[in-house]
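What follows is each chain in one-letter form.
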Amino acid sequence: MNDTGQQGGLPAHYFQLQQPGFSDPTDPGRPNRLCICFSDIHFTDGTVGTQNAEETTWDKVFDRIRQTCADEAIGELFVILVGDVADMLRSGRWAANGVYPWEQANKPALFGETLDQIMQEIIRLHAQPGQDGKPDGFFFQLHKLCNDLQSGPTKVQLLALLGNHDRPILGDEAILKAFYEQCLGQPTAGLTTEYRQWIGNIYGTAAQDVPWLPFYWGDPGFRLFVTHGHWRDKDNSRSVPGWQAGDGWKPDIWQALRYTPFSEPCFGDSVAAGMLSGFIYRTKQQLRPLLQTDPAPNAAERTEIERLTKILDELDLYRPTYLAVDRIIKEIRRLRAMPAEIQRVRKIIENELLNSLNLWLGWPFTLDSAPSGRRLLLLAARWIARLLKLFGATIELWFIDWLMKLLARLQTGLFRSDDGPSLAEMQGFPAFLPGYRDYGFRIHGEGHTHVALEEELYFNGPTDHKSYTYINFGTWRNQVVPARPAKYRRRGIGRALWVLDQRPADQASGGARRFACWVDDMLSWDDRLDRL
């Protein structure tokens, strides 16, 4: 056994990336190495709100990476973006263009045009130098970090894994290429043969000119295995004959299915890109002209319009998404008690919410893609919603509120910190399966849920190492939290996992390598967030 803890060969159906010029992770003489993982950054085109932490934190995070590389004499740095980096679903352009992520086959030109519009705006907002006093975009800062370090003694390997919100870019090679080149700063012509073959091995395909994003990454020297995590979410993976979420980690089956559970549109797309983003976009389109009407709105109405527009831009902060609808219903009920001049504002929001829900329930894709246990509920809801139109908006809103809360409850185990994965579930996570443990993995990392978690596990083997760790990377977003008494405040959150793999302090003595891992949880407050 070497000092990675490795006993056996590669786990079945697992493929290891070995880039040229980088050390073998099982070589005892490898240099000092550092791995940093981020997940769920969700850079959007801003059409339905922009809630990333870009404005306040990334420069500080990257400065700390530079300093750590210098302090620890790091020879190899690995930066892993664990999915949902470029958010192609949270956009008003789907509703504006009249095409949705599940309509690629029926409207290929319009689908490609919409993807291009979203990606180009993500590039403009997040891959360029800052303008008008704003900070540089995340990807611009990331490129600078990589260039600065690689001009010195540190080699850098940057990887972005596949998540469910960046999945649509797999459907258009030009958009995938733009992501590689303009966001990650990796010209596709320069991608190594080893990288292309690794991607092809994962997905069971030939090496591609523009490879898909990897589904997972692991390194036994770091003892770390990471994947986005949507493989265990019924809403955000596609149930197909042969596999559905709940069947567990099955890369051999996924290969046989050409990874369609994760490359095809899923039920979550209908909620994120369809119902919620469509509602936000259409409602804002109707509210904004009220500020320019003649006669102009009075001060109270203007205040409400501006306030509600900000709330609409923050709906993406709610997890699960159904809870965003609950927030809007509360606002509608509040507006009902206000003076008459506010009621036209309330009617816009109320009518558009009802319209958006009925559109969502009426789309064939919503039912076709829904998890089997939810399909009958949604079918019944479709007919009940049609019937309740006869009884007025008050009854309809009550029904929507009830439906959304029920759907939220059906997602237990994923999106709440008080019902994280059970021991039985974690025992089925890939890093904790026997073959992966024998290979040297000790840490399983994932994102997806936006809930930062950590759990310690114990296994009877391998005999030299029985302690294991589960890490959820949470998200890098702004969030709305309660403020006493009965108010709210915005703040930024973020989590990074750091894993340090170092040579022995006295290399001549041939001692064991040094290993450490830790998480940085960041909370940030500033005047800009308080002014929102």
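Values in this document were obtained by computation on a predicted structure and should not be read as measured data.

## Concerning the nonpolar core
Next, step 1: Ranked by internal contacts, the top residues of the largest apolar core, which has 153 residues, are F38, L81, F179, F215, W217 and W360.
Next, step 2: Here this core takes nine residues from helix α9 (residues 267-287), the largest share from any one element.
Next, step 3: If we ignore the near neighbours within four places in the chain, the residues touching W360 are F267, S270, V271, M275, T366, L378, M404 and L407.

## With respect to the state of the cysteines
Next, step 1: Counting across every chain of the model gives zero disulfides.
Next, step 2: Take C35: it sits in no disulfide, and the sulfur closest to it among the cysteines is that of C37, at 4.0 Å.
Next, step 3: Take C35: its relative accessible area is 0%, and that puts it in the buried class.
Next, step 4: The thiol sulfur of C517 is not disulfide-bonded, and the nearest other cysteine sulfur, from C37, lies at 11 Å.
Next, step 5: The exposure class assigned to C517 is partly exposed, which follows from its relative accessible area of 37%.

## Some words on the pattern of salt bridges
Next, step 1: The full count for this structure, using the stated rule, is 31 salt bridges.
Next, step 2: Between D148 and K144 there is a salt bridge whose closest N-O contact spans 3.1 Å. Here D148 and its partner K144 are both found in helix α4 (residues 138-150), four residues apart, which amounts to about one turn of the helix.
Next, step 3: With a shortest N-O distance of 2.4 Å, E301 and R344 are connected by a salt bridge. One end of the pair, E301, is in helix α10 (residues 299-313); the other, R344, is in helix α12 (residues 343-362), with 43 residues separating them in the sequence.

## Structural notes on the side chain of T475
Next, step 1: Relative to the assigned elements, T475 resides in the loop between β8 (467-473) and β9 (477-483).
Next, step 2: For T475, the side chain forms a polar contact with the main-chain oxygen of D40, separated by 2.7 Å.
Next, step 3: Beyond its immediate sequence surroundings of up to four residues, T475 is in contact with S39, D40, H42, H450, I493, G494 and R495.

## Quick word on the confidence of the model for the protein
Next, step 1: Here the protein averages 90 in pLDDT, and 94% of its residues register 70 or above.
Next, step 2: Counting interchain partners and residues more than four positions distant, the pLDDT-below-50 stretch residues 1-7 has 26 contacts.

## A word on a nonpolar patch on the surface
Next, step 1: Together, L387, L390, F391 and I395 make up a nonpolar patch on the protein surface, roughly 440 Å² of accessible area in all.
Next, step 2: Assignment of secondary structure puts I395 in helix α15 (residues 393-409).

## Section: empty space enclosed by the protein
Next, step 1: Under the counting rule described, the total for this entry stands at five cavities of 30 Å³ or more.
Next, step 2: Its volume calculated, the second largest cavity comes out at about 80 Å³.
Next, step 3: Lining the second largest cavity are 13 residues, and of these L17, S23, F78, Q157 and D219 lie nearest its centre.
Next, step 4: Here the lining of the second largest cavity is composed, by residue class, of five nonpolar, six polar and two charged.

## Describing the sheet that holds strand β5 (residues 224-227)
Next, step 1: An order of β4-β5-β6-β8-β7 is seen for the five strands of this open sheet, with the pairing classed as mixed. The open sheet has two free edges, formed respectively by β4 (216-219) and β7 (452-458), since each of these has just one partner strand. Strand-to-strand twist in this sheet, taken as the mean axis angle between neighbours without regard to direction, amounts to 15°.
Next, step 2: Two strands pair when backbone bridges link them, and β4 and β5 are joined in this way by four bridges, in the antiparallel orientation. Across the sheet, G218 pairs through a bridge with F225, a residue of β5.

Quick notes on the rules
Residues numbered from 1 in each chain as written. Predicted model: local features only at pLDDT ≥ 70, side-chain atom pairs only at ≥ 80, totals over all residues. Heavy atoms only, no water. Core = buried A, V, L, I, M, F, W, Y, C linked by side-chain atoms within 4.5 Å. Buried < 20%, exposed > 50% of the residue type's maximum accessible area, 1.4 Å probe, protein only. Helix = DSSP H or I, 4+ residues; strand = E, 2+ residues; numbered from the N terminus. Contact = heavy atoms within 4.5 Å. Disulfide = S-S within 2.5 Å. Salt bridge = Lys/Arg side-chain N within 4 Å of Asp/Glu carboxyl O. Polar contact = N/O pair within 3.5 Å; in protein donor to acceptor, adjacent residues only side chain to side chain. pLDDT = per-residue confidence, 0-100. Patch = residues over 30% accessible without salt bridge, like charges linked within 9 Å, V, L, I, M, F, W, Y side chains within 5 Å. Areas by Shrake-Rupley, 256 points an atom, 1.4 Å probe, with all protein chains shown as cover. 1 Å grid on protein atoms, 1.4 Å probe; cavity = no way out; pocket = protein on both sides within 12 Å on 5 of 7 lines; lining within 4 Å. Points joined across faces, edges and corners; volume = space filled by probe spheres on them. Nonpolar A, V, L, I, M, F, W, Y, C, P; charged D, E, K, R; others polar. Pairing = 2+ DSSP bridges. Axes fitted to C-alpha atoms, helices over the stretch in contact; angles between N-to-C directions.

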